[in-house]
Amino acid sequence: MGIVVQKFGGSSVASPEHIKNVAQRIIETKEQGNQVITVVSAMGDSTDDLLALANAITKNPPHREMDMLLATGEQVSISLLSMAIKERGYNVVSLTGAQAGIYTDDIHKKAKITRIDNDRLQKELDSGKIIIVAGFQGKTEAGEITTLGRGGSDTTAVAIATAVGAEVCEIYTDVDGVYTTDPRIVSNARKLDSISYDEMLELASLGALVLQTRAVEYTKKHNVRICVRSSFNHNKGTIVEEASLMKKTRLVSGVAHDLDVAKVTIYGVPDIPGIAQRVFKSLAEAAINVDMIVQSNPKGDRNDISFTVGLDDRNRAMELMEDLKIKLGAEGVTLRDNLAKISIVGAGMQSNAGVAANMFEALAEADINIELITTSEIKISCLVELDQSKKAVQVIHDKFRLGDED
Ligand code: ADP
Ligand code: ASP
Ligand code: MG
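Because the structure is a prediction, the values reported are computed rather than measured. (Residues numbered from 1 in each chain as written. Chains lettered and ligands numbered in written order. Predicted model: local features only at pLDDT ≥ 70, side-chain atom pairs only at ≥ 80, totals over all residues. Heavy atoms only, no water.)

A. Up close: helix H11 (residues 389-399). Of all the residues in H11, the buried ones are Ser389, Ala392, Val393, Ile396 and His397. In an axial view of H11, the angular spread of the buried residues amounts to 125 degrees, which keeps them on one side of the axis. Buried-residue contacts for H11 involve strand E13 (254-258), strand E18 (339-345), helix H10 (354-365) and strand E20 (379-385). Immediately downstream of H11, the backbone of Arg401 shows phi near 50 degrees, a positive value. (Buried < 20%, exposed > 50% of the residue type's maximum accessible area, 1.4 Å probe, protein only. Helix = DSSP H or I, 4+ residues; strand = E, 2+ residues; numbered from the N terminus. Arc of directions from axis to C-beta. Contact = heavy atoms within 4.5 Å.)

B. Here's a closer look at the sheet that holds strand E9 (residues 168-173). In space, the eight strands of this open sheet follow the order E3-E6-E2-E1-E9-E11-E12-E10, with mixed pairing throughout. With partners counted over all chains shown, the strands left at the sheet margins are strand E3 (92-95) and strand E10 (194-196), one partner each. Averaged over all pairs of adjacent strands, the angle between strand axes in this sheet comes to 20 degrees, irrespective of strand direction. Summarising the sheet, E10 and strand E12 (residues 238-241) pair through three bridges and their orientation is parallel. From the neighbouring strand, Ser194 faces E12, where its bridge partner is Ile239. Sheet contacts for helix H3 (residues 63-87): strand E2 (35-40), E3 and strand E6 (130-134); angle to E6, the most-contacted strand, approximately 165 degrees. (Pairing = 2+ DSSP bridges. Axes fitted to C-alpha atoms, helices over the stretch in contact; angles between N-to-C directions.)

C. Representation of the site of ligand 2. Around ligand 2, a shell composed of Ser41, Ala42, Thr47, Glu74, Phe136, Arg150, Gly151, Gly152 and Ser153 is seen. At 2.8 Å from a nitrogen atom of ligand 2 is found a side-chain nitrogen or oxygen belonging to Thr47. Here ligand 2 has 260 Å² of accessible area as a free molecule, and 87% of this is covered by the chains. Residue composition of the shell around ligand 2, grouped by class: two nonpolar, five polar and two charged. (Near = heavy atom within 4 Å. Polar contact = N/O pair within 3.5 Å; in protein donor to acceptor, adjacent residues only side chain to side chain. Areas by Shrake-Rupley, 256 points an atom, 1.4 Å probe, with all protein chains shown as cover. Nonpolar A, V, L, I, M, F, W, Y, C, P; charged D, E, K, R; others polar.)

D. Looking closely at the packing of aromatic side chains. Applying the stated criterion to the full structure yields two aromatic pairs. Taken together, a centroid distance of 4.6 Å and an interplanar angle of 10 degrees make the contact between Phe8 and Tyr172 stacked. Taken together, the residues Phe8 in strand E1 (residues 3-8) and Tyr172 in strand E9 connect sequence positions 164 residues apart. Judged on exposure class, the residue Phe8 and its partner Tyr172 are both buried. Arranged with centres 5.6 Å apart and planes meeting at 75 degrees, the rings of Phe280 and Phe307 form a pair that is edge-to-face. Separated by 27 residues along the polypeptide, Phe280 in helix H8 (residues 275-285) and Phe307 in strand E16 (residues 302-309) bring together distant segments of the chain. For Phe307, a relative accessible area of 0% translates into the label buried. Of note, Arg115 hangs over the ring of Tyr103, and the distance from its end group to the ring centre comes to 3.8 Å. (Phe/Tyr/Trp six-rings, centres within 6.5 Å; stacked < 30°, edge-to-face > 60°. Lys NZ or Arg CZ within 6 Å of the ring centre and 35° of its normal.)

E. Here's a closer look at the site of ligand 1. Taken together, 18 residues lie around ligand 1, and Thr173, Asp174, Tyr179, Asp182 and Arg184 are the ones closest in. In this structure, an oxygen atom belonging to ligand 1 sits 2.9 Å away from a side-chain N or O atom of Asp174. Here a nitrogen atom of ligand 1 and a backbone polar atom of Tyr179 are 2.9 Å apart. Protein contact buries 87% of the 570 Å² of open area that ligand 1 shows by itself. Its residues assigned to classes, the shell around ligand 1 shows eight nonpolar, six polar and four charged.

F. Quick peek at the nonpolar core. The biggest cluster of nonpolar side chains holds 44 residues, and the ones touching the most others in it are Val5, Ile37, Leu121, Val133, Ile160, Cys169 and Met200. The element contributing the most residues to this core is helix H5 (residues 153-164), with six residues. Residues contacting Ile160, with those up to four places away along its chain left out, are Val5, Ile37, Val39, Ile102, Ile116, Leu121 and Val133. Formed by 24 residues, the second largest nonpolar core is a distinct cluster that contains Ala189, Ala362, Cys382 and Val393. (Core = buried A, V, L, I, M, F, W, Y, C linked by side-chain atoms within 4.5 Å.)

G. Representation of the pattern of salt bridges in the model. For the structure shown, the criterion picks out 25 salt bridges. Among the ionic pairs, Lys341 bridges to Asp291, the shortest N-O distance being 2.5 Å. A residue pair is termed long-range when its members are at least 10 positions apart, and Lys341 in strand E18 and Asp291 in the loop between H8 and strand E15 (293-295) qualify at 50 residues. Looking at Asp291, the relative accessible area reads 41%, which means it is partly exposed. Between Lys299 and Asp304 there is a salt bridge, with its nearest N and O atoms 3.0 Å apart. Accessibility expressed as a relative area gives 53% for Lys299, which makes it exposed. Connected via shared salt-bridge partners are Lys263, Arg336, Glu371 and Glu385. (Salt bridge = Lys/Arg side-chain N within 4 Å of Asp/Glu carboxyl O.)

In short, geometric facts, not functional conclusions.
As structure tokens, this is what we get:
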């Protein structure tokens, strides 16, 4: 008898009917002779509703209190789901993250799991119970409640699967698996049977919501077998696995888009050594993650430095740059936040120079201007105007014929 960890996202538990449907799926897995641990997210958009409540009280909610608030969302769904399973006559227990022994660091709102003490989980499994764990939350060694960042229930599931040595970690969501791009944007997006850890990591970090980036990092590190599938049907889903296990490596496997992007430019900075270091050190000290960076060619003895940050960090980044403008004698600072980052990902692209050219050609043919470009071995990202982002995803997807069968 193996242990199966199943995670159900917010859309899968959005209503009492949905919750009863999930209870049925869990019972099916139990009836197949498995021990089952289920991780569950907050119902529907309730995490967004909680965030809005906090913002109606204050523009600057203390991070500790925010975690206290956000963690309640998952507590609602674990209790209701457990009731639905109990109603069907099965032995079940709901556990908060803390009760499940999930320990994190103390970075509120984006805490990292540091360890799992699985005594309680093991005890409940041994007694034959189905376990329902609240995703997205844990506790610090000092006993404070933390949350793991948006989409963090995926990471809870993978971490628990590792801790209990589960055979498989199934991520149930509202689409049939991982697609060549967001199937809600591109109607001919194609479901992938499998995807490598590295490609999934890039797609997730470039904005594909379907798995949280940290969950994929965890999966890769601990070699967990993940299957992403729909909670609304019994279709096969997508396996996330080592590249060596996959049938073939694709040139380009997917297109991702990220709307959480703001571009800051500090222009007319003196073209002398040490300037970039001062700009990025000040951002690092404020714990602001910087993504894309470009420095323009010098004009006379001055040049411009542009970089992108998440929308949450844009105001703080602007304050820091305004401050540096004075210290460095720069000419000005500008902010653009009506942008989107469109990326292509593929393990096969590292040895193929034509891939970048094709991506830029697709954008040019659609008359879409590129604001910034960055590349790595297995990805190319372009910043474009927000209102052209859907079109950009579509034309790039078409250019690489990602909707066609392999
Ligand atoms: P859950 O609530 O189950 O965690 P999410 O909303 O976090 O679900 O993630 C699922 C969503 O991810 C899908 O509805 C889809 O719109 C989006 N998505 C973005 N990129 C992809 C992709 N490449 N493949 C599948 N889904 C994607
Ligand atoms: N409820 C949390 C969120 O909306 C965690 C999750 O869904 O994974 O981000
Ligand atoms: Mg999610």
